[in-house]
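Okay, here's what each chain looks like letter by letter:
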Amino acid sequence: MAPVAAGREVYGVLILATNLNHNFARKIAKATNTSIFLTTMTKVLASSQPPEQGLQVDFDKVQQSLLEKRSIFQNDYQTQRSVMYTPLKVVDEILCLVISSDTSGISGLLRQKRTQLLTSFLVILMATVVLGASLTFAITKPMRRLQTRAQEVIKEFSPKDLPIQPRGNEIHTLTQAFDLMLAVIKKHIEELREAERFQASIFASIKDGISIIGPDLTIIQVNPTLENWFAHYSSLIGQKCYQVYRGREEPCDPCPVQRTFQTGKSDYEIMTRADKDGEFNDWVEIYTFPMKDPVSGKLTGVIEYVREITERRRTEEALKEKEEQLRQAQKMEAIGRLAGGVAHDFNNILTAVSGYSELLLMQLPPESQEHLEVQEIHKAAARAASLTRQLLAFSRKQVIQPRPLNLNEAISSLEGMLRRLIGEDIDLAVSPGEGLGLVLADAGQMEQVIVNLALNARDAMPRGGKLTLETANVDLDSSYARTHLDVEPGPYVMLAVSDSGQGMDAEVRSRIFEPFFTTKELGKGTGLGLSMIYGIVKQNRGHIWVYSEPGQGTTFKIYLPRMQQPVEADGLHLRPAVLAGGRETVLLVEDDEVVRRVVGKMLQRQGYQVLEVADGREALETSDTHPEPIHLILTDVVMPGMSGPELAVRVTQKYPEIKVLFMSGHTENTIVQHGVLEPGVDFIQKPFKYDDLMRRVREVLDRPGAVAPGRPSEKPKTEN
């Protein structure tokens with residue numbers, strides 16, 4: 001049944017009916033040239049095949065098709081038939097339509113087509129083989145060459161031999177080679193990078209300057225240290241070395257870099273380095289090393305290694321200067337010891353000459369010829385005594401009595417005399433320092449220093465000039481002390497005496513403090529003035545320095561230790577002019593017979609009772625056996641057997657009322673340490689004048705109380 005409609009309108013039902021039997025199946029099979037079966041799940045309802053041919057239905061497929069409600073196709077290559085099982089709804093019944101077709105014709109056609117395809121394939125395959133062989137030969141030849149080169153690269157750059165084991169075709173082998181080659185190259189590049197980083201770290205860590213310079217003197221590379229030195233340049237690389245390092249517009253003539261380019265050898269030089277302002281202040285030492293191509297040996301550049309040595313050079317110069325100062329000091333010390341020894345012995349002789357001449361002058365009529373002649377002897381002795389005093393001052397053997405002293409006051413008291421000494425053609429300028437500190441010094445010695453320096457300045461300005469005296473408080477620090485021998489850092493008072501005269505060269509400056517060295521004409525000077533100044537300054541724990549250049553004048557600077565505690569200055573010390581004698585008993589102890597006699601006569605002439613002995617042992621015996629009181633012991637300091645201080649201690653311990661007066665030509669002894677008298681000890685320097693001795697004896701005798709010298713701290717000397 002089927003509906004009959006026109007458009008969307010249904011007009012009725014068309015009913016068609018047929019008998020589903022074997023004839024129906026045969027008709028369909030004949031029309032379709034197939035075998036038709038109409039079945040249920042268990043039996044065949046209609047068949048186009050005669051019963052004798054047997055069933056050709058697979059009921060398992062029928063059931064599968066009906067249950068799954070889908071068509072199933074089956075092809076049997078052996079029987080050359082194909083069967084289709086498909087569900088068919090007939091009225092309310094679901095049947096299975098089985099269509100069996102003969103495929104033998106199709107199989108023959110397929111075999112024919114297959115044969116044709118196989119023939120075509122073989123032809124194509126042969127062509128492909130030939131073409132492939134040609135292409136393979138054309139490709140594998142360079143590939144094998146690349147493989148060989150790859151192996152060579154591996155062997156060249158690999159630390160180990162990595163041979164290739166060919167596997168598969170050439171492409172696979174080449175891939176292996178390239179993989180290994182790339183691994184080796186990658187490893188080698190990493191090693192190079194690591195080496196570069198290591199070298200760069202070394203390059204950067206070196207605190208000296210390093211630069212690589214090309215043949216045209218262009219800077220190729222620098223390390224950070226050199227960049228910091230020349231940080232005022234934006235970049236050093238690409239610039240000319242002589243422009244950057246030396247501030248020149250043309251190459252240096254020649255420099256270590258150029259010499260290395262010329263000779264191909266290393267070079268060395270010490271030079272100055274310019275700062276950002278172009279000033280050459282720092283010292284550097286430069287090493288240059290050639291850079292050569294390892295294959296051709298051609299010089300490709302120069303490595304310039306720069307080390308700053310400013311501090312080292314300053315230290316070396318300071319050390320050299322100190323060595324020179326030490327040699328000079330040792331020389332002066334040796335000369336001083338010699339001068340002091342000569343002066344000591346000569347003083348004993350002068351004491352006798354001066355003493356006897358004074359005694360003779362007292363006895364001779366003033367208008368007599370003999371008086372005039374003896375007076376000349378006395379004057380000559382006085383001049384000789386002045387020379388010995390200068391020698392003693394140089395050798396620091398003078399006895400001094402230091403007191404707090406203001407140098408401004410000392411200069412002020414001498415200013416009038418200095419103007420008369422230097423003459424009207426020399427302008428004297430005094431510049432006293434404000435708030436000047438006090439120094440502990442002998443006023444008489446400071447007077448000698450100032451006067452002698454002024455006289456030297458006058459002689460250096462024969463056509464006139466300017467003399468300047470300056471004072472100031474200064475503090476010498478450790479850096480100054482390091483470059484000046486025997487200077488202790490601390491507060492000082494400076495006395496500077498400057499002239500605009502002829503000046504001195506280095507050779508003269510190195511000898512000016514030597515005794516008897518003078519640049520003056522014969523008879524114009526003894527050469528002891530500056531020697532005396534040197535000794536006085538050293539004896540007062542000071543320091544003297546001279547600055548002078550030929551034609552540029554001279555400045556002497558004297559530094560004396562500044563006192564810290566406030567004390568009242570005494571000014572220049574003046575000795576009293578009182579002269580008186582007495583009746584007291586004096587024990588005279590002197591090992592030099594000539595000196596002992598003349599001193600005894602001087603004391604006797606003034607009315608004193610004199611007991612003369614030659615040494616300490618006799619003095620002890622006399623002090624014990626003399627029936628009358630002994631009022632004064634006048635003793636030499638250095639004597640054989642028993643020194644004067646030791647004698648004084650032993651006598652005053654037993655007889656404390658006895659006064660003691662020491663005399664000596666020099667003062668290396670136990671009561672005068674470093675040439676400075678101990679407090680309360682009385683002393684007179686040989687040679688002495690008659691008046692000086694009498695005045696000193698009277699002062700000691702008239703002083704109330706008795707002062708005993710301290711016990712000597714070292715073994716007495718056994719020389720005069």
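Look a little higher up for the structure.
Residues numbered from 1 in each chain as written. Predicted model: local features only at pLDDT ≥ 70, side-chain atom pairs only at ≥ 80, totals over all residues. Heavy atoms only, no water.

Moving on: the environment of Gly209. Take Gly209: it is sitting in strand S8 (residues 209-213). Taking the C-alpha atoms as reference, Gly209 lies 9.2 Å from Asn228; in sequence the two are 19 residues apart. When neighbours within four sequence positions are excluded, Gly209 is seen to be in contact with Asn223, Thr225, Leu226, Trp229, Glu304, Tyr305 and Val306. (Helix = DSSP H or I, 4+ residues; strand = E, 2+ residues; numbered from the N terminus. Contact = heavy atoms within 4.5 Å.)

What follows is about the sheet that holds strand S4 (residues 44-47). Read from one edge of the open sheet, five strands run S4-S3-S7-S6-S5, paired in antiparallel fashion. Strand pairing shows two members of the sheet lacking a second neighbour, S4 and strand S5 (72-76), which therefore form its edges. Direction aside, the axes of adjacent strands within the sheet are offset by 20 degrees on average. Alignment of strand S6 (residues 81-90) against strand S7 (residues 93-102), held across 10 bridges, turns out to be antiparallel. Across the sheet, the residue bridging to Leu88 is Leu95, located in S7. Those strands touched by helix H1 (residues 22-32) are strand S3 (35-39) and S4, and its axis lies near 50 degrees from that of S4. (Pairing = 2+ DSSP bridges. Axes fitted to C-alpha atoms, helices over the stretch in contact; angles between N-to-C directions.)

Take the nonpolar core next. Counting residues in each nonpolar core, the largest one holds 41 residues, and the members touching the most others are Leu407, Leu467 and Ile558. The element that contributes the greatest number of residues to this core is helix H11 (residues 443-460), accounting for eight residues. In this structure Ile558 touches Val449, Leu453, Val493, Met494, Leu495, Ile533, Val537, His543 and Ile544, once residues within four positions along its chain are discounted. Residues Val595, Val598, Ile684 and Met694 belong to the second largest nonpolar core, which totals 22 residues. (Core = buried A, V, L, I, M, F, W, Y, C linked by side-chain atoms within 4.5 Å. Buried < 20%, exposed > 50% of the residue type's maximum accessible area, 1.4 Å probe, protein only.)

To continue, consider unusual backbone geometry. One can expect most non-glycine residues to show negative phi and most peptide bonds to be in trans. Phi is positive for Lys69, close to 55 degrees, though the residue is something other than glycine. Note that Lys69 resides in the loop between helix H2 (59-68) and S5. A positive phi angle, near 65 degrees, is found at Leu217, a position not held by glycine. Among the structural elements, Leu217 can be located in the loop between S8 and strand S9 (219-222).

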